[in-house]
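# Residue-level structural notes
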Amino acid sequence: MKLISLLLFFQINTGLSQSAPIDSAQFLSGACISCHTLDKAATSGIPSLVGQSSESILSDMLDYASGKRAGLLMPQIAKGYSREQMEAIANYFSSLDPS
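Chains are numbered independently. Their residues run from 1 in the order of the written sequence. Reporting in this predicted model follows two pLDDT cut-offs: at least 70 for local features of residues, and 80 or more for side-chain atom pairs to be given and counted; totals over whole chains, interfaces and linings ignore these cut-offs and use all residues. No hydrogens and no water enter the side-chain calculation; it runs on all heavy atoms of the structure.

## Overview of the overall build of the protein
- For the purposes of this entry, the term helix denotes a DSSP run of H or I that reaches at least four residues, the term strand denotes a run of E that reaches at least two, and both are numbered from the N terminus. Tallying secondary structure elements over the protein gives five helices and zero strands in all.
- From first element to last, N terminus to C terminus, the protein shows the α and β order α-α-α-α-α.
- Throughout, exposure labels follow a simple rule: accessible area from a 1.4 Å probe, protein chains only, divided by the maximum for the residue type, with under 20% read as buried, over 50% as exposed, and the rest as partly exposed. Of all 99 residues assigned to the protein, the portion counted as buried reaches 29%.
- Relative to all contacts within the protein whose residues are 6 or more apart in sequence, the contacts with residues 24 or more apart total 52%. Pairs of residues are marked as contacts when any of their non-hydrogen atoms sit within 4.5 Å.

## A look at the packing of helix α2 (residues 24-33) against helix α5 (residues 83-95)
- In this description, a line fitted to the C-alpha atoms serves as the axis of each element, helices being fitted only across the stretch in contact, and the angle between N-to-C directions of two axes falls anywhere from 0 to 180 degrees. Put simply, α2 and α5 touch, their axes get as near as 9 Å, and they point 80° apart. By the angle class used here, α2 and α5 are roughly perpendicular. Two secondary-structure elements touch here, α2 through Ala25, Gln26, Leu28, Ser29, Cys32 and Ile33 and α5 through Gln85, Ala88, Ile89, Tyr92 and Phe93. Comment on the angle field: the value is read as roughly parallel under 35 degrees, roughly antiparallel over 145, roughly perpendicular from 65 to 115, and oblique elsewhere.

## Brief notes about the packing of aromatic side chains
- We call Phe, Tyr and Trp rings a pair once their centres come within 6.5 Å, taking the six-membered ring for Trp, and we label the pair stacked below 30 degrees between planes, edge-to-face above 60, and tilted otherwise. Tallied over the full model, the rule gives one aromatic pair.
- Judged by centre distance (5.4 Å) and plane angle (70°), the ring pair of Tyr92 and Phe93 falls under edge-to-face.
- Taking the relative accessible area as the measure of exposure, Tyr92 reaches 15% and is therefore buried.

## What about the pattern of salt bridges?
- What makes a salt bridge here is a side-chain nitrogen of Lys or Arg within 4 Å of a carboxyl oxygen of Asp or Glu, nothing more. Under the definition given, this model contains two salt bridges.
- A salt bridge links Arg69 to Asp60; the shortest N-O distance between them is 2.9 Å.
- One salt bridge in this structure joins Glu87 and Arg83, with 3.0 Å as the shortest N-O distance. A residue pair is termed a helical-turn pair when its members lie 3 or 4 positions apart in one helix, as Glu87 and Arg83 do in helix α5 at four residues.

## What about the nonpolar core?
- Here, nonpolar core means buried Ala, Val, Leu, Ile, Met, Phe, Trp, Tyr and Cys residues that are tied together by side-chain atoms lying within 4.5 Å of each other. Membership of the largest hydrophobic core comes to 17 residues, with the highest contact counts inside it found for Ile57, Met61, Tyr81, Met86, Ile89 and Phe93.
- Here Ile89 is in contact with Leu28, Ser29, Cys32, Met61 and Tyr81, once residues within four sequence places are set aside.

## What about the environment of Ile89?
- Inspection of the secondary structure assignment puts Ile89 in helix α5.
- In this structure, the C-alpha to C-alpha distance between Ile89 and Leu49, residues 40 residues apart in sequence, is 9.9 Å.

## Here's the deal with the side chain of Asp63
- Along the polypeptide, Asp63 turns up in helix α3 (residues 54-66).
- For the buried Asp63, which has no salt bridge, the nearest side chain bearing the opposite charge is Lys68, at an N-O separation of 4.2 Å.
- If we skip the residues at most four places from it in the chain, Asp63 touches Lys68 and Arg69. Counted as positive: Lys and Arg. Counted as negative: Asp and Glu. His and the chain ends are not counted at all.

This is the structure:
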């Protein structure tokens, strides 16, 4: 329930709710976008996921979810997704044009 509330919060507060209908992968990625910017040129300690390989994104998410990789927020966030949802998110970000 917390994940659904969080996703709805990010959808509303990122303007996604005011655009054309979105697919489930784009909807799920809304929570990621609040920290992982879509602007590949932005300089931040949190990397953009745009254009990264889906295998790399999925591997990182699985490592966070399993506890193999440490972090402040990502372990809790990753645990809220099923593997299929993680795959959809990874495929979505890897499909975005990094230019």
